[in-house]
Amino acid sequence: GNIHAVRDAYQKMSALSLSTSSNEAHFGAQLEDTKWLSLIRAILASSWEAAYWVHAHRMPVVVHCSHGWDRTSQVAALAQLLLDPYFRTRQGFACLVEKDFSAFGHPFHLRCAHGEGRNDNTNSNSGNDGGQIAPIFLQFLDCVYQLVSLFPECFEFNTKYLLLCSEHVYSCRFGNFLCDSEREREELAGIRQRTFSIWDYLENERKEETLNPSYT
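Rules used in this analysis
Residues numbered from 1 in each chain as written. Predicted model: local features only at pLDDT ≥ 70, side-chain atom pairs only at ≥ 80, totals over all residues. Heavy atoms only, no water. Core = buried A, V, L, I, M, F, W, Y, C linked by side-chain atoms within 4.5 Å. Buried < 20%, exposed > 50% of the residue type's maximum accessible area, 1.4 Å probe, protein only. Helix = DSSP H or I, 4+ residues; strand = E, 2+ residues; numbered from the N terminus. Contact = heavy atoms within 4.5 Å. Expected span 1.5 Å × (residues − 1). Salt bridge = Lys/Arg side-chain N within 4 Å of Asp/Glu carboxyl O. Phe/Tyr/Trp six-rings, centres within 6.5 Å; stacked < 30°, edge-to-face > 60°. Lys NZ or Arg CZ within 6 Å of the ring centre and 35° of its normal.

Draft legend 1. Representation of the nonpolar core in the model. The biggest cluster of nonpolar side chains holds 44 residues, and the ones touching the most others in it are Leu-81, Phe-93, Phe-137, Phe-140, Val-144 and Trp-199. When residues of this core are traced back to their parent elements, those giving at least two are helix H1 (3-18), helix H3 (36-57), helix H4 (71-83), helix H5 (90-103), helix H6 (108-112), helix H7 (136-150), helix H8 (159-171) and helix H11 (198-204). Each residue touching Leu-81, except ones within four places of it in the same chain, is listed here: Phe-87, Arg-88, Phe-93, Leu-96, Val-144, Leu-147 and Phe-155.

Put into structure tokens, the structure is as follows:
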């Protein structure tokens, strides 16, 4: 699904989760109707397919969506998570996100709608970027959550680790998920010099509660 399908499914899922009138007996069916879980399954299936050809047949795989920074990052990162145990460690997961999302140009600012008036030449009330908002990185974290839940012994971090990541994508407390490109972060905003890193925070301040005791 493209960013519009992802946004639509997320809004429906959020509305269902927050509803006080939803029928508990039919919640599973209503959740399926939002299409969020079917999108998660499609991403995981694509990632498994990519990992399968690399692992079983030693063949290179080309992954590319329309822009190369949404579904491409999701599938490429998840395939590496399946293939390489290093990326299932805390240090490795941080490296994976920095490499396949931040360095490859996933537009966190645009997709997460951080702040207002991102372009000084654009009327902030015009809504030109509204259609570009989509929880792509949150969707990736949900995919990782499914894998951690299925195979907890394979991951050095637990689901609380992923939950904290999802919260701080939108909190803007750390610089890792700000701006739309490495150029914006490094040259225009000086993010690394002016902000703290979420990976240092998770490692130094929240380590005990985010370590997976069953990791082998």
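Okay, back to it.
Draft legend 2. Representation of the environment of Met-13 within the structure. You can see Met-13 is positioned in helix H1. What makes Met-13 buried here is its relative accessible area of 16%. Placed 68 residues apart in sequence, Met-13 and Leu-81 show a C-alpha to C-alpha distance of 26 Å. If sequence neighbours within four positions are ignored, Met-13 has contacts with Leu-31, Thr-34 and Trp-36.

Draft legend 3. Structural view of H3. Across its 22 residues, H3 extends 31 Å between first and last C-alpha, which sits within 8% of the 32 Å expected from 1.5 Å per residue. Burial in H3 covers these residues: Trp-36, Leu-39, Ile-40, Ile-43, Ser-47, Ala-50 and Ala-51. Those residues of H3 hidden inside the fold are in contact with H1, H4 and H7. Arg-58, located one to two residues past H3, shows a positive phi value of around 55°.

Draft legend 4. Examining the pattern of salt bridges more closely. Counted according to the given criterion, the structure contains 13 salt bridges. A salt bridge links Glu-209 to Arg-206, with the nearest nitrogen and oxygen atoms 2.6 Å apart. A cluster of three or more residues bridged by salt bridges with shared partners is formed by Glu-98, Glu-182, Arg-185, Glu-186 and Arg-192.

Draft legend 5. Focus on the side chain of Asp-70. Within the secondary structure, Asp-70 is located in the loop between H3 and H4. Residues within four places of Asp-70 in sequence aside, it is in contact with Ile-3, Cys-65, His-106, Pro-107, Arg-111 and Ile-136.

Draft legend 6. Focus on the packing of aromatic side chains. By the definition in use, this model includes 18 aromatic pairs. A ring pair is formed by Phe-101 and Phe-140, whose centres lie 4.8 Å apart and whose planes are at 50°; its orientation type is tilted. Of this pair, Phe-101 sits in helix H5 while Phe-140 sits in helix H7; the two residues are 39 residues apart in sequence, bridging distant segments of the chain. Phe-140 matches Phe-101 in its accessibility class, with the two residues each being buried. Geometrically, the ring pair formed by Phe-137 and Phe-177 is tilted, given 5.2 Å between the ring centres and 45° between the ring planes. Placement of Phe-137 in helix H7 and of Phe-177 in the loop between H8 and helix H9 (182-188) is noted, with a sequence separation of 40 residues between them. Comparing Phe-137 with Phe-177 shows no difference in burial state: the two are buried. Through pairs of rings, three or more aromatic residues link up here, namely Phe-93, Phe-101, Phe-108, Phe-137, Phe-140, Phe-155, Phe-157, Tyr-161, Phe-177 and Trp-199. It is Arg-173 that lies over the ring of Tyr-201; its NZ or CZ is 4.8 Å from the centre.

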